[in-house]
Amino acid sequence: MIIAIDGPAASGKGTLARLLAAHFGLPHLDTGLLYRATACALLDEGRPLDDVAAAVAAARGLALRHFDDTRLRTREMGEAASLVAAMPDVRAALIDLQRGFASRPEGAVLDGRDIGTVICPDAPVKIFVTASAETRARRRALELAARGENADYAGILADVRRRDERDSARSFAPLQAAQDAFMLDTTDLDIEQAFRAALEAVERKLALARKLG
Ligand code: CDP
């Protein structure tokens, strides 16, 4: 079973993906990390973030490098990731890796921006996770503060809005819900409630598939 989870920055899709993967015993791929790692490799090589050829080479060479997870999850890397993620050639360079992960016999949970629309358009379960920009910025500020990073709320809210705008406006694989996605607004839900709602959506889909199939 493939579960495709998409949504804007800090919507909680990563947490939900992790919890669903653990619940169903499936492997999980946080595809945002691929774009963060591509940007990180580029910065480490001293290249500008608009160098398309170097970004594509970095994306193709990801498997050969080691990345520090804490560094990948910084604000700086989130912003840099959304710049390289807008390059169609970088996205193309990362497609096989993502589809390869999704094609494991047992299935997989993938989260990102274009999983239900581009990477796994035939996934039987798609969830699009949203929350108000203010709620998302508050959650991200708490997350960053817990890691000892600069967590000024106003700056993070501006980051989140800028990234949403860039991710939604790009012409190639923009952030958007697949037509058959279950829409999950987590603005007023805690993690436990959001997980239960997502799990119910998955189980409804599975029951329907059993009935039809
Ligand atoms: O955790 P957060 O939602 O802040 O970000 P992320 O999922 O790690 O993604 C970082 C950036 O990578 C996003 O702003 C997108 O520009 C890009 N991304 C993408 O374009 N497609 C994906 N499947 C995943 C991430």
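For clarity, every value in this text was computed on a predicted model and none was experimentally measured.

We now examine the pairing of strand β3 (residues 108–112). Burial of β3 is extensive: five of the five residues sit out of reach of the surface. On β3, burial covers both faces: A108, L110 and G112 on one face and V109 and D111 on the other are all buried. Bridging between strand β1 (residues 2–6) and β3 involves five bridges; their strand directions are parallel. From the neighbouring strand, I3 faces β3, where its bridge partner is V109. Summarising the sheet, strand β2 (residues 28–30) and β3 pair through three bridges and their orientation is parallel. Bridge pairing in β3 places D30 opposite D111.

This part is about the pairing of β1. Most of β1 is tucked away: four of the five residues are buried. Relative to strand β4 (residues 125–130), β1 runs parallel, the two sharing four bridges. Across the sheet, I5 pairs through a bridge with I127, a residue of β4.

This paragraph deals with the packing of aromatic side chains. Scanning the entire structure with this criterion turns up zero aromatic pairs. A cation sits over an aromatic face here: R104 above F101, 4.1 Å from the ring centre.

So, on to unusual backbone geometry. Even without glycine at this site, A10 takes up a positive phi of about 60 degrees. Considering the arrangement of structural elements, one finds A10 in the loop between β1 and α1 (13–24). Judged by relative accessible area, which is 7%, A10 ranks as buried. Residues other than glycine seldom take positive phi values, yet A173 does so here, at roughly 50 degrees. Inspection of the secondary structure assignment puts A173 in the loop between α9 (153–169) and β5 (182–185).

This brings us to the site of the ligand. If you check the shell around the ligand, you find 18 residues, and the closest are K13, R36, R91, R163 and D167. For the ligand, an oxygen atom lies 2.7 Å from a polar atom in the side chain of R91. Between the ligand and the protein, one listed contact pairs an oxygen atom with a side-chain N or O atom of R170 at 2.9 Å. In isolation the ligand offers 530 Å² of accessible surface; the protein chains occlude 95% of this area.

This next bit is on the environment of A9. For A9, the location among the structural elements is in the loop between β1 and α1. Of the residues examined, A9 reaches a relative accessible area of 1% and is grouped as buried. Spatially, the C-alpha atom of A9 lies 18 Å from that of A181, the residues being 172 residues apart in sequence.

This brings us to the pattern of salt bridges. This model, assessed by the stated rule, comprises 19 salt bridges. Among the salt bridges present, the one from E143 reaches R147, with a minimum N-O distance of 3.5 Å. Take R147: its relative accessible area is 35%, and that puts it in the partly exposed class. Of the charged contacts in the structure, one is a salt bridge between D159 and R162, with a shortest N-O distance of 2.8 Å. Here D159 and its partner R162 are both found in helix α9, three residues apart, which amounts to about one turn of the helix. Note on D159: relative accessible area 16%, which makes it buried.

Each value, and the rule that gives it
- Residues numbered from 1 in each chain as written.
- Predicted model: local features only at pLDDT ≥ 70, side-chain atom pairs only at ≥ 80, totals over all residues.
- Heavy atoms only, no water.
- Buried < 20%, exposed > 50% of the residue type's maximum accessible area, 1.4 Å probe, protein only.
- Helix = DSSP H or I, 4+ residues; strand = E, 2+ residues; numbered from the N terminus.
- Pairing = 2+ DSSP bridges.
- Phe/Tyr/Trp six-rings, centres within 6.5 Å; stacked < 30°, edge-to-face > 60°.
- Lys NZ or Arg CZ within 6 Å of the ring centre and 35° of its normal.
- Near = heavy atom within 4 Å.
- Polar contact = N/O pair within 3.5 Å; in protein donor to acceptor, adjacent residues only side chain to side chain.
- Areas by Shrake-Rupley, 256 points an atom, 1.4 Å probe, with all protein chains shown as cover.
- Salt bridge = Lys/Arg side-chain N within 4 Å of Asp/Glu carboxyl O.

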